[in-house]
Amino acid sequence: TGTPLKQDENGYSNVLVFGTSEDDPGHGGAALTDSIMVISINQEEKKAFMISLPRDLWVDYGEACPAGYSGKINALYSCGLDDGDEAKGVKLLKDKVGEVLGLEVQYYTKVNYSVVRDVTTALGGVTVTIESSDPRGIYDPMIGFSIANGVQHLDGEAALLLARCRNDPTYDGRVAY
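Residues numbered from 1 in each chain as written. Predicted model: local features only at pLDDT ≥ 70, side-chain atom pairs only at ≥ 80, totals over all residues. Heavy atoms only, no water.

Position of Ala-64 relative to the elements: it lies in strand S4 (residues 58-65). Sequence separation of Ala-64 and Cys-79 is 15 residues, and the distance between their C-alpha atoms is 8.6 Å. In contact with Ala-64, not counting residues within four places along its chain, are Tyr-69 and Cys-79. (Helix = DSSP H or I, 4+ residues; strand = E, 2+ residues; numbered from the N terminus. Contact = heavy atoms within 4.5 Å.)

Have a look at this one:
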């Protein structure tokens, strides 16, 4: 019921999901989109697909930005913000993601640290399995976070720390969900 979602010529509604850390006071690069995904939904067939784009994907910006005329895709949103226009930042990112994937992106949503933390908490946490070749698990000294190998149930704050974790180069870990 309600208004049907816009669809592309293949019957998919494509939603850009991107994350910033703008709600983290003092965070350098808070307007960079370090998480960029597209969720494609076919309502009739009840199918959904998701793809994540690497934040370091090198692209042409199509206009001058403080970072230049080309650079990492994660700077596009902040390029628009430099003009004080969030809508411009969204459009730059949405259009470039659509170009890269060959999709018409009809919708977007922006998430931040609070969203990750609050949604995970509202769901009662998340269970993950940490599989690292290092017997200590995963460690990030920059944010002061460590997590042991094995099955772990995380509350919202711990899930956010894991999502932010870059892992120490002396640790060779990966996360399996």
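Resuming the write-up.
The topology assignment puts Trp-58 in strand S4. Each C-alpha atom, one on Trp-58 and one on Asn-74, is 9.1 Å from the other, the two residues being 16 residues apart in sequence. Sequence-distant contacts of Trp-58, that is, excluding residues within four places in its chain, are made with Ser-70, Gly-71 and Lys-72. Within the structure, the side chain of Trp-58 is placed 3.4 Å from the side chain of Ser-70, a separation counted as a polar contact. (Polar contact = N/O pair within 3.5 Å; in protein donor to acceptor, adjacent residues only side chain to side chain.)

With that out of the way, let us pick up the pattern of salt bridges. The tally for this structure, following the rule as stated, stands at eleven salt bridges. Its salt-bridge partner being Lys-110, residue Glu-22 comes within 2.8 Å of it at the nearest N-O pair. Here the residue Glu-22 occupies a position in the loop between strand S1 (13-19) and strand S2 (35-42), and Lys-110 occupies one in strand S6 (residues 107-111), the gap between them amounting to 88 residues. Through salt bridges that share partners, Asp-34, Arg-55, Asp-56 and Lys-72 make up one connected network. (Salt bridge = Lys/Arg side-chain N within 4 Å of Asp/Glu carboxyl O.)

What follows deals with the packing of aromatic side chains. According to the stated counting rule, one finds three aromatic pairs in the structure shown. Relative to Phe-49, the ring of Tyr-12 lies with its centre 6.1 Å away and its plane at 55°, an arrangement referred to as tilted. Here Phe-49 lies in strand S3 (residues 47-53) and Tyr-12 lies in the segment before S1, a separation of 37 residues in the sequence. Here Phe-49 falls in the partly exposed class, since its relative accessible area comes to 47%. Each ring, one from Phe-18 and one from Tyr-108, has its centre 6.2 Å from the other, and the planes form 25°; the classification is stacked. In this pair, Phe-18 sits in strand S1 while Tyr-108 sits in strand S6, placing the two residues 90 residues apart along the sequence. (Phe/Tyr/Trp six-rings, centres within 6.5 Å; stacked < 30°, edge-to-face > 60°. Buried < 20%, exposed > 50% of the residue type's maximum accessible area, 1.4 Å probe, protein only.)

Once that is clear, we can look at the state of the cysteines. Within this structure, the stated rule accounts for one disulfide. Across the disulfide, Cys-65 is cross-linked to Cys-79 (sulfur-sulfur distance 1.8 Å). Disulfide Cys-65-Cys-79: torsion about the S-S bond near -85°, hence left-handed. Highlighted residues: Cys-65 in strand S4 and Cys-79 in helix H1 (residues 76-81), separated in sequence by 14 residues. For Cys-65, a relative accessible area of 10% translates into the label buried. (Disulfide = S-S within 2.5 Å.)

Put simply, the largest pocket is a space of about 1100 Å³. Within the residue set of the lining of the largest pocket, elements represented by two or more residues are S1, S2, helix H3 (113-122), strand S7 (126-132) and helix H4 (156-164). The residue makeup of the lining of the largest pocket, split by class, is 23 nonpolar, nine polar and five charged. (1 Å grid on protein atoms, 1.4 Å probe; cavity = no way out; pocket = protein on both sides within 12 Å on 5 of 7 lines; lining within 4 Å. Points joined across faces, edges and corners; volume = space filled by probe spheres on them. Nonpolar A, V, L, I, M, F, W, Y, C, P; charged D, E, K, R; others polar.)

Residues Val-115, Val-119 and Leu-123 make up a contiguous nonpolar surface patch of roughly 270 Å² in combined accessible area. Within the secondary structure, Val-115 sits in helix H3. Look at Val-115 and you get partly exposed, because its relative accessible area is 32%. (Patch = residues over 30% accessible without salt bridge, like charges linked within 9 Å, V, L, I, M, F, W, Y side chains within 5 Å. Areas by Shrake-Rupley, 256 points an atom, 1.4 Å probe, with all protein chains shown as cover.)

Looking at the protein chain as a whole, the pLDDT averages 89, with 93% of positions reaching at least 70. Across residues 172-177, confidence stays below pLDDT 50; counting only partners more than four residues off in sequence or on other chains, it has 21 contacts. (pLDDT = per-residue confidence, 0-100.)

A few words on the packing of H3 against H4. Contact pair H3 / H4: the axes reach a minimum separation of 7 Å and the direction vectors enclose 135°. If you check the angle between H3 and H4, you find them oblique. H3 and H4 meet at a crossing whose hand is right-handed. For the pair formed by H3 and H4, the contact residues are Tyr-113, Val-116, Arg-117, Thr-120 and Thr-121 on the first element and Gly-156, Glu-157, Ala-159, Leu-160 and Arg-164 on the second. Of the residues contributing to the contact of H3 with H4, the split by class is four nonpolar, three polar and three charged. (Axes fitted to C-alpha atoms, helices over the stretch in contact; angles between N-to-C directions. Parallel < 35°, antiparallel > 145°, perpendicular 65-115°, else oblique. Left-handed = near helix turned anticlockwise from the far one by under 90°.)

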